[in-house]
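Chain by chain, the residues run as shown.
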Amino acid sequence: MLHDSSVSNDQRKFVHSCPSCKNRYRVTIQVKVRRIHKAACPHCGNINYFDNRTGALDREPSLSAEVQAEPKGKGVTTFNFERSHEPRSNPGPTRKPSWNFPTFWLKGPASRPGSSVIGNITERIANISPRGFMLLGATLAAIPILLFVALMLMPAVFLPEGGDTFLSGLDSVTENRILDRNGTLIAELFSHKTGNLKANQIPADLKSMLIFTEDQQFYRHGGVHWTSVIRAAAYNVISFGYLQGGSTITQQLGRILLRARQKTLFRKLRETSLAYYLESHLSKEAILTAYMNHVYLGHGAVGVDNAARFYFLKSPGELNFAQMLAIVCLPSAPEQFSPIRYPDRLERKMDVVFSRMKREGFPLAANISEEVYTSQKNAMLSNPSRSPSETVFGNREDTAPYIAEHVRMQIRELIGAQSEFGAGLTVETTIDAGLQLAATSVTAEFLLGAQRNFPPVRKGGPALSETDSLKRALTDEYMRQGLGAVIFGMPTSDLSGKTSDTVLQAAAIGVDPRSGAVLFMQGGRSFRRDNQINRAFRMRRQTGSAIKPIIYSAGIESGEITAATRLDDSPVFVFQGGEGKKEFWLPENITGEYQGKISARDALAQSRNVPAILVGRAVGLPRLSEQFKKFFFQDSDVYNHRFRMDETIAIGSLEMSPLEMAVAFGAFADNGTVRRPYLILKIKDAQGKILYDGGNRDEFGTRLEVSSRAIPGDVAEVMSSMLKDSARFSNAGVYPGLLMGKTGTTNDYRDAWFVGAVPGLSAAVWVGYDNQSYSMSGGMGARLAGPLFGRIAQRSGFAPNGSYVFSPAAERVRICKETGKIAGPHCPVMTEFFASIRKPEETCDLHVSNGRQERKEDLSRQTDFQ
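A quick note: this is a predicted structure, and the numbers were derived from the prediction, not measured. (Residues numbered from 1 in each chain as written. Predicted model: local features only at pLDDT ≥ 70, side-chain atom pairs only at ≥ 80, totals over all residues. Heavy atoms only, no water.)

Draft legend 1. Seen up close, the sheet that holds strand S25 (residues 751-758). The antiparallel open sheet is built from five strands, whose spatial order is S13-S12-S26-S25-S24. The strands lining the two open edges of the sheet, one partner per strand, are strand S13 (518-522) and strand S24 (740-745). Across this sheet, the average inter-strand angle for adjacent strands is 5°, counted without regard to direction. The pairing of strand S12 (residues 505-511) with S13 spans four bridges and is antiparallel. Residue pairing in the sheet places valine 511 in a bridge with valine 518 of S13. (Pairing = 2+ DSSP bridges. Helix = DSSP H or I, 4+ residues; strand = E, 2+ residues; numbered from the N terminus. Axes fitted to C-alpha atoms, helices over the stretch in contact; angles between N-to-C directions.)

Here it is in structure tokens:
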């Protein structure tokens, strides 16, 4: 700094060289004012300070002050005065660095020029006056008091909600477990799952390794290790960034409970306050256990137990040294040191920690040789048990995703949304794990092949070619995954999750007809983000011929027909459209052919449409409506909303859900009784307390009575025998002679159905496209739905339980196959089932002796319908 003598003695100008940018600039200082002056460099803005408290600038105007500037608010700067290289007429003595203490408590003069730093300090201490000693002592004594008061006030200031609010966060977050009827785990519900280990269940070696890695002073500090905090702060200042945190295990637990990751001073103060609160309310062992249960360790794994099972398929007690070391290296940056995604990074960190363990004499490391450690480490990192993209959510138990989603919604309704995930609930269900697992896997496999064999046909358009189908499938998958957005680094669009119109879907559900218990439920091809609707009970579609057993049961119950009644399978116009409309339709059989006279049994088995229409006419729409009320629409509001007075209901124009069809069909297997379906038996909390105990709740919203008689036992037995014949045409291929069943196909092959039953199981299967503008090319119930049921039954190994029981029982009568009358001595004979309301009374007079047949002209004597 060079003095400019052109100004007055009170105000002088100096030429100063900025130590920051090395540029020179002029600064004007009032040298008579004894204080620290400051001036900003006009080139870089750096603040430079000039110490004139001793009048140095006034006495020695040629001095050059080389100033080391500091950020504002950092304290008094030390100055180093040196002689200028410019020639001076009156050179002064060289001044060495000096510390300028406040002088109001000194009894002697201020620092003398030429004294050393230590000498200055010693001299000033020696010169402290008695009053100064008293003030200094009071200041030193007040520091711990003020610190104690600050620490006591921190929770009140920075945790206004109270520390107790956060203690509840230490409770383990345990998944909701869904069990089948035999106690087998079939699904889990959790969005955040912590460990639930007790202190004595965590290996001591794992604890000591974690403390060594994360917080070596854990058992010595009271929540905050201030030395580490200061060291980290200094390092961050030097590095011009937030690179070290200096947080103890207690502080990290506080951060977890606060659920705040922002790197702000306020968050740090709250974290520190909560750390002191935890230390004053919990033991060290409780804090360590809570931390090891709640610390996030990557890929969705929270807690050392979940991490050990995810990464190594082991419990914490089964881990070797290298695996434990890998676990304790994860808390600082779990995703960056993932064993399955970045093994190289993890290996480098493990080596650093292991070397430090060796160097500092950590007992566990002392007992492990380099060779053993290297061998364990290489085996662990070279043979990962998971793929890099896997998470604990993708690996949770979920063999029944549609069941899990249904249970989740029921938990929300019964207990509350807060308990949907991770509330530690145990949900006991009626599900049969074997049937459910088969339904889940077989449905996806079956539809994969069916999609190729029955390509989609748009109404009024041609079928898609195999090449077009493949292109459409690839496009659908591209959109579902959002690959374009991912490739170009953009966020995925909501459009990537839309369900494709051309993906073949299915729904399958089975109930126990004797109780209404749901045994399996598959709501679609597969449960995904873009395919979550449960078609098993939330979708209604036309049933086609699958509804005909209801029509025939009305005819048999009313006495209008028997299984032996001859029906005329010939063209007939059908009224449709409801009241006030005069629309007619000529129904056809799926084969396009008519067979003429045919028994009711054969007409049902062969799924003839005209005979079903004739039975409906014989019974009458009012009587048919009563039958539908008993089987489906027991609630008057539901009946008024969904039933139509339309002859086409006899061949399946009404929409039904698979669940409704399975429940109704169960009446034919259970003595004519319709039972309301249910799936959840009990819900228990984490302590085993029963929160929900089944009862008479209408779980699926069917509005059915718990149990009601739809048809008499003898009518049910007649229908059962007829449906056993019908099942032979279903291509189910299971339970021969025992399975009763009926297929159904709607117009243009839009829907394919199978409804069937054996003792202990009544099931319904639907196959089709969600968008009814698309139909299946030749996809009939016997080609799709029947075989799908058969594969589910075969894969599951389900064995029918017991036998059909009917009371009152139907009467068996030997009849003539051709006339349906009581068989004569020369008739082709069969045994037929008859309900008590109507039995054959006449003996066949068509067949006479010697094998000769004599046709009677009076056809009215036969029990025919035309």
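Now that the structure has been shown, the text picks up again.
Draft legend 2. Here's a closer look at the side chain of serine 775. Assignment of secondary structure puts serine 775 in strand S27 (residues 774-776). Within the structure, the side chain of serine 775 is placed 2.9 Å from the backbone oxygen of aspartate 748, a separation counted as a polar contact. Not counting residues within four places of it along the chain, the set of residues in contact with serine 775 comprises Pro455, Pro456, Val457, Asp748, Tyr749, Arg750 and Tyr769. (Polar contact = N/O pair within 3.5 Å; in protein donor to acceptor, adjacent residues only side chain to side chain. Contact = heavy atoms within 4.5 Å.)

Draft legend 3. Geometry of the environment of valine 813. Here valine 813 is to be found in strand S28 (residues 811-816). On the basis of relative accessibility, which here comes to 14%, the residue valine 813 falls in the buried class. Sequence separation between valine 813 and lysine 839 is 26 residues, and the spatial gap between their C-alpha atoms is 8.5 Å. Those residues in contact with valine 813 that sit more than four places away from it in its chain are Met830, Thr831, Glu832, Phe834 and Pro840. (Buried < 20%, exposed > 50% of the residue type's maximum accessible area, 1.4 Å probe, protein only.)

Draft legend 4. Representation of the pairing of strand S10 (residues 426-429) within the structure. Sheet topology note: the strand S8 (residues 176-179)/S10 ladder contains three bridges and is parallel. Across the sheet, the residue bridging to arginine 177 is threonine 426, located in S10. Of the strand pairs in this sheet, S10 and strand S21 (residues 680-684) are connected by four bridges, and their pairing is antiparallel. By the bridge assignment for S21, threonine 429 is matched with isoleucine 680.

Draft legend 5. Representation of helix H23 (residues 621-631). Among the residues of H23, Leu621, Leu624, Ser625, Gln627, Phe628 and Phe631 are the ones counted as buried. Taken end-on, H23 shows its buried residues confined to a sector of 160°, consistent with a single buried face. Buried residues along H23 sit in contact with helix H20 (548-558), helix H22 (609-619), helix H24 (636-642), strand S19 (655-656), helix H25 (658-669) and strand S20 (673-675). (Arc of directions from axis to C-beta.)

Draft legend 6. Up close: the nonpolar core. Tyr552, Phe628, Phe631, Phe632 and Val767 are the most contacted members of the largest nonpolar core, which totals 123 residues. Apart from the residues lying within four places of it in its own chain, the contact partners of tyrosine 552 are Ile561, Leu567, Ala600, Ala603, Leu604, Pro611, Ala612, Val615, Met719 and Met722. (Core = buried A, V, L, I, M, F, W, Y, C linked by side-chain atoms within 4.5 Å.)

Draft legend 7. Quick peek at the packing of aromatic side chains. Taken as a whole, this structure holds 20 aromatic pairs when the rule is applied. Seen from their ring centres, phenylalanine 321 and tyrosine 373 are 6.3 Å apart, and the 80° between their planes marks the pair as edge-to-face. One end of the pair, phenylalanine 321, is in helix H11 (residues 321-328); the other, tyrosine 373, is in helix H14 (residues 370-382), with 52 residues separating them in the sequence. Just as phenylalanine 321 is buried, tyrosine 373 falls in that class too. One aromatic cluster is present, built from ring pairs that chain together Phe628, Phe631, Phe632, Phe633, Tyr639, Phe643, Phe665 and Phe668. The ring of tyrosine 342 has arginine 345 sitting right over it, with the charged end atom 3.9 Å from the ring centre. (Phe/Tyr/Trp six-rings, centres within 6.5 Å; stacked < 30°, edge-to-face > 60°. Lys NZ or Arg CZ within 6 Å of the ring centre and 35° of its normal.)

Draft legend 8. Representation of the pairing of S8 in the model. Direction of pairing for S8 relative to strand S9 (residues 185-189): antiparallel, over a ladder of four bridges. Pairing of arginine 177 across the sheet is with glutamate 188, part of S9.

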